[in-house]
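# Structure at a glance
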Amino acid sequence: MNGIEGFRNMEAANHFYKVLCGHGQQLARQGRVVHFMEVCGSHTMAIARFGIRDFLPINMDLVSGPGCPVCVTDPGIIDAAIQLAHQGKIIATFGDMMRVPGSRSTLDKTRAEGGRIEICYSPRHVLELARDNRKTEVVFLAIGFETTVAPIMAMLDGVIGEAIGNLSLLTAFKRVPPALSALLGDPEIRIDGFLCPAHVSAIIGADAYRPYAETHGVACVVAGFEPLDILYGLDGLARQLVANNPHVDNQYNRVVKPEGNRQAQRVIARFLEPVDASWRGLGVIPASGLVLRQEFTRYDACHRFGFVVEPGRVNPHCLCGDVLKGKIDPSECPLFGTGCHPDHPLGPCMVSSEGSCAAEFKYASGVSS
Ligand code: SF4
């Protein structure tokens with residue numbers, strides 16, 4: 001069920017809509033046009049699915065940011081996985097990566113050519129794959145934000161505990177807060193409020209966003225995924241701006257604590273350390289990646305097989321970089337829906353189930369899930 005009929009509680013939806021419009025009018029009387037960004041792929045999908053942009057007052061702009069880990073990953077990591085598959089390793093991956101273009105091919109095509117690429121649905125599944133194939137090297141294409149990193153590190157703990165010797169990680173882990181800092185440091189991007197990611201916040205905690213409010217004067221709301229959560233979250237951003245009181249408002253406190261999940265943070269810190277990392281569209285951001293610490297490099301595929309991941313070639317016609325920075329709407333890409341389509345995607349934003357281009361294509365074109 002899409003659009004307004006997707007709101008289960010119409011009375012509440014109408015209430016929040018009226019309140020949001022009221023705050024929009026107050027901002028208009030202050031002569032303000034405000035720019036909000038959601039930084040979570042699940043929010044992006046829900047916003048598109050329920051047509052939430054259609055609810056916004058004319059002086060409120062809502063763009064998608066770099067909230068999809070698949071979309072921000074450099075194609076060089078796909079190239080490396082394909083190379084390892086050609087060497088006879090089993091590549092374990094989450095399904096979203098299968099059709100993401102590398103420089104010359106995809107994991108999907110590599111499997112069709114005989115490479116052993118296994119889609120896994122959880123880190124536990126990866127562990128089982130390694131247990132069941134002890135005589136073959138299994139390389140897990142480990143991509144994700146803090147939410148995904150924590151369970152993968154818990155899996156690595158299991159690998160060490162069971163002395164499983166044939167599993168290594170090809171990592172492209174990313175940390176969300178440095179990316180937000182990079183966005184705020186870009187003079188071409190205007191952001192007055194972040195709709196902060198929900199899952200990531202459960203790990204890092206709502207307090208992680210305080211510098212953006214306190215130093216940059218940006219309103220921050222941590223919101224859940226239900227359409228009412230999102231409407232309420234956007235109204236929370238508007239309220240902060242009307243009152244000229246930017247702060248962190250944790251509206252998802254049924255899941256997110258101010259300090260986050262300490263146990264998950266400990267497991268991440270035990271195995272990984274921050275490193276500068278390259279983001280599609282955003283370039284290299286200091287301390288925005290995570291790599292295995294020196295004492296765990298035997299589980300690092302690059303270290304184990306003696307190679308480095310080289311930067312990949314991005315299709316020059318794909319504007320994913322601008323989409324991920326919120327500089328353009330997906331439909332502003334000249335290839336949207338024509339040269340680039342879910343059946344023949346040119347960029348990761350059209351492939352990923354959390355990609356902005358995929359979301360806009362799926363819901364703006366009326367194709368229901
Ligand atoms: S529509 Fe396709 S080509 Fe254009 S930005 Fe999105 S993924 Fe890239």
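Values in this document were obtained by computation on a predicted structure and should not be read as measured data.

What follows is about the sheet that holds strand β10 (residues 272-279). Pairing within the open sheet is mixed, and its six strands lie in the order β4-β3-β5-β6-β11-β10. Looking along the sheet, the strands with just one partner apiece sit at the ends: β4 (117-119) and β10. Geometrically, the sheet is characterised by an average inter-axis angle of 25° between neighbouring strands, direction not taken into account. In terms of strand pairing, strand β3 (residues 90-93) meets β4 through three bridges, oriented parallel. Across the sheet, the residue bridging to A92 is E118, located in β4. Along the sheet face, helix α7 (residues 146-161) touches β5 (138-144), β6 (167-174), β10 and β11 (283-292) and points at about 160° away from the line of β6.

Turning our attention to the domain arrangement of the protein chain. With domains assigned, the protein chain is organised as domain 1 (34-68 + 180-250), domain 2 (70-176 + 260-305) and domain 3 (320-362). On a C-alpha basis, the centroid separation for the pair domain 1 and domain 2 is 29 Å. The interface of domain 1 with domain 2 comprises 15 residues on the first partner and 16 residues on the second. Together domain 1 and domain 2 conceal approximately 1200 Å² of surface at their shared face, both sides included; 74% is due to carbon and sulfur atoms.

We now examine empty space enclosed by the protein. Evaluation of the coordinates by the stated rule reveals two cavities of 30 Å³ or more. Roughly 90 Å³ of internal volume is contained in the largest cavity. Residue composition of the lining of the largest cavity, by class: 11 nonpolar, two polar and no charged. Quantified by volume, the second largest cavity comes out at close to 40 Å³. Every residue lining the second largest cavity is listed: C40, G41, T44, G65, G67, C68, C71, L324, E354, G355 and S356. Among the residues making up the lining of the second largest cavity, the classes are represented as four nonpolar, six polar and one charged. A domain-level breakdown of the lining of the second largest cavity finds at least three residues from each of domain 1 (34-68 + 180-250) and domain 3 (320-362).

Turning next to the nonpolar core. It is characteristic of soluble globular proteins that their nonpolar side chains tend to be buried jointly. In terms of nonpolar packing, the biggest core is built from 100 residues, with F140, M153, L170 and F194 touching the most fellow members. Here L170 is in contact with I77, A80, A81, L84, V139, F140, L141, A142, A301, C302, F307 and V309, once residues within four sequence places are set aside. In terms of nonpolar packing, the next biggest core, distinct from the first, is built from 24 residues, L20, M60, A219 and V242 among them.

Scanning the model with the defined rule gives nine aromatic pairs in all. Taking 5.9 Å as the distance between ring centres and 20° as the angle between the ring planes, the aromatic pair formed by F145 and W279 counts as stacked. With F145 in the loop between β5 and α7 and W279 in strand β10, the pair connects residues that are 134 residues apart, well separated along the chain. Taking 6.2 Å as the distance between ring centres and 65° as the angle between the ring planes, the aromatic pair formed by F336 and F361 counts as edge-to-face. Taken together, the residues span a long stretch of sequence, with F336 in the loop between α14 (320-324) and α15 (348-351) and F361 in helix α16 (residues 356-364) at a distance of 25 residues.

The next thing to look at is the environment of N59. Within the secondary structure layout, N59 lies in the loop between α2 (41-49) and β2 (60-64). Owing to a relative accessible area of 8%, N59 belongs among the buried residues under this scheme. Put simply, N59 and V33 are 26 residues apart on the chain and 4.5 Å apart in space, counted from C-alpha to C-alpha. In contact with N59, other than residues within four places in its own chain, are G24, L27, A28, R32, V33 and V34. Within polar-contact distance, the side chain of N59 engages the backbone oxygen of G24 at 3.0 Å.

What follows concerns the site of the ligand. In the vicinity of the ligand, the contacting residues are C318, L319, C320, C333, F336, C340, G347, M350 and C357. Its atoms largely coinciding with the cavity grid, the ligand occupies the largest cavity. Classifying every residue of the shell around the ligand gives eight nonpolar, one polar and no charged.

Turning next to the pairing of β11. Relative to β11, β6 is paired through two bridges, and the arrangement is antiparallel. Looking at β11, one finds that F173 is bridged to L290. Sheet topology note: the β10/β11 ladder contains seven bridges and is antiparallel. Bridged to A277 within β11 is I285. Between the end of β10 and the start of β11, which pair antiparallel, lie three residues, with G281 showing a positive phi angle near 90°.

What counts and how
- Residues numbered from 1 in each chain as written.
- Predicted model: local features only at pLDDT ≥ 70, side-chain atom pairs only at ≥ 80, totals over all residues.
- Heavy atoms only, no water.
- Pairing = 2+ DSSP bridges.
- Helix = DSSP H or I, 4+ residues; strand = E, 2+ residues; numbered from the N terminus.
- Axes fitted to C-alpha atoms, helices over the stretch in contact; angles between N-to-C directions.
- Contact = heavy atoms within 4.5 Å.
- Domains from an automatic or database assignment.
- Buried area = accessible area lost by both parts, 1.4 Å probe.
- 1 Å grid on protein atoms, 1.4 Å probe; cavity = no way out; pocket = protein on both sides within 12 Å on 5 of 7 lines; lining within 4 Å.
- Points joined across faces, edges and corners; volume = space filled by probe spheres on them.
- Nonpolar A, V, L, I, M, F, W, Y, C, P; charged D, E, K, R; others polar.
- Core = buried A, V, L, I, M, F, W, Y, C linked by side-chain atoms within 4.5 Å.
- Buried < 20%, exposed > 50% of the residue type's maximum accessible area, 1.4 Å probe, protein only.
- Phe/Tyr/Trp six-rings, centres within 6.5 Å; stacked < 30°, edge-to-face > 60°.
- Polar contact = N/O pair within 3.5 Å; in protein donor to acceptor, adjacent residues only side chain to side chain.
- Near = heavy atom within 4 Å.
- Sits in = over half its atoms within 2 Å of the grid points.

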